[in-house]
Amino acid sequence: MQTLESTKLTVILNEPGVEKDQKQTIATIIANPEEAQILALGDVIQSFAPETTVCASVLKTEQVSYTRTEEA
């Protein structure tokens, strides 16, 4: 049996002229967010960054546990 334990999102921000991307992780989100909600979160996080920063992508990570079920 598969059980969703947690979902987290990592917003990856890219600032022109800066070699390394910045990452912001949000660990407490709703289960099974829609694509539009994920992209909207990226836009919100980007709004707090310097003006030239763009949201390169949003990474969704799900932690799932698997358990054996006893068959009768």
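So, here's what we can say about the structure. All figures in this text were calculated on a predicted structure; none of them were measured in a lab.

## Some remarks on the overall build of the protein chain
Moving on, step 1. Regarding its fold elements, the protein chain presents 1 helix and 3 strands.
Moving on, step 2. Each helix and strand of the protein chain, ordered N terminal to C terminal, gives the series β-β-α-β.
Moving on, step 3. At 16 Å, the protein chain has a C-alpha radius of gyration far larger than the 11 Å of a compact globule built from 72 residues.
Moving on, step 4. Taking the principal axes of the C-alpha coordinates as reference, the protein chain spans close to 60 × 25 × 15 Å.
Moving on, step 5. Residue burial in the protein chain is summarised as follows: out of 72 residues, 19% are buried.
Moving on, step 6. Of the contacts made within the protein chain by residues no fewer than 6 positions apart, 64% connect residues no fewer than 24 positions apart.
Moving on, step 7. When the accessible area of the protein chain is evaluated, it comes to approximately 5,700 Å², of which 50% is carbon and sulfur surface.

## What to know about the environment of Gln 2
Moving on, step 1. One can find Gln 2 in strand β1 (residues 2–14).
Moving on, step 2. Considered as a pair, Gln 2 and Tyr 66 are 64 residues apart in the sequence and their alpha carbons are 4.6 Å apart.
Moving on, step 3. Leaving out residues up to four positions away in the same chain, Gln 2 has contacts with Val 64, Ser 65 and Tyr 66.

## Points about the nonpolar core
Moving on, step 1. In this structure, Leu 9, Val 11, Leu 13, Ile 26, Ile 38, Ile 45, Ala 49 and Val 58 together form the largest nonpolar core, which totals 8 residues.
Moving on, step 2. Of all elements in the fold, only β1 and α1 (35–47) reach the threshold of two or more residues within this core.
Moving on, step 3. Top contributing element to this core by residue count: β1, with 3 residues.
Moving on, step 4. Beyond its immediate sequence surroundings of up to four residues, Val 11 is in contact with Gln 22, Lys 23, Gln 24, Ile 26, Leu 41, Gly 42, Ile 45, Cys 55, Ser 57 and Val 58.

## So, the side chain of Thr 7
Moving on, step 1. Mapped onto the fold, Thr 7 is located in strand β1.
Moving on, step 2. With sequence-adjacent residues up to four places away left out, Thr 7 is seen in contact with Ala 27, Ile 29, Ile 30, Pro 33, Lys 60, Thr 61 and Glu 62.

## Here's the deal with the pairing of β1
Moving on, step 1. Both β1 and strand β3 (residues 54–66) contribute to a ladder of 12 bridges, which runs antiparallel. The residue bridging Lys 8 from the neighbouring strand is Thr 61, located in β3.

## As for the sheet that holds β1
Moving on, step 1. Taken in spatial order, the 3 strands line up as β2-β1-β3 in an open sheet, and their pairing is antiparallel. Each end of this open sheet is capped by a strand with a single partner; those strands are β2 (22–26) and β3. Across the sheet, the mean angle separating the axes of adjacent strands is 25 degrees when strand polarity is ignored.
Moving on, step 2. Strands β1, β2 and β3 of the sheet are contacted by α1, whose axis makes an angle of about 40 degrees with β1.

Conventions adopted
- Residues numbered from 1 in each chain as written.
- Predicted model: local features only at pLDDT ≥ 70, side-chain atom pairs only at ≥ 80, totals over all residues.
- Heavy atoms only, no water.
- Helix = DSSP H or I, 4+ residues; strand = E, 2+ residues; numbered from the N terminus.
- Rg over C-alpha atoms; globule rule 2.2 N^0.38 Å.
- Buried < 20%, exposed > 50% of the residue type's maximum accessible area, 1.4 Å probe, protein only.
- Contact = heavy atoms within 4.5 Å.
- Areas by Shrake-Rupley, 256 points an atom, 1.4 Å probe, with all protein chains shown as cover.
- Core = buried A, V, L, I, M, F, W, Y, C linked by side-chain atoms within 4.5 Å.
- Pairing = 2+ DSSP bridges.
- Axes fitted to C-alpha atoms, helices over the stretch in contact; angles between N-to-C directions.

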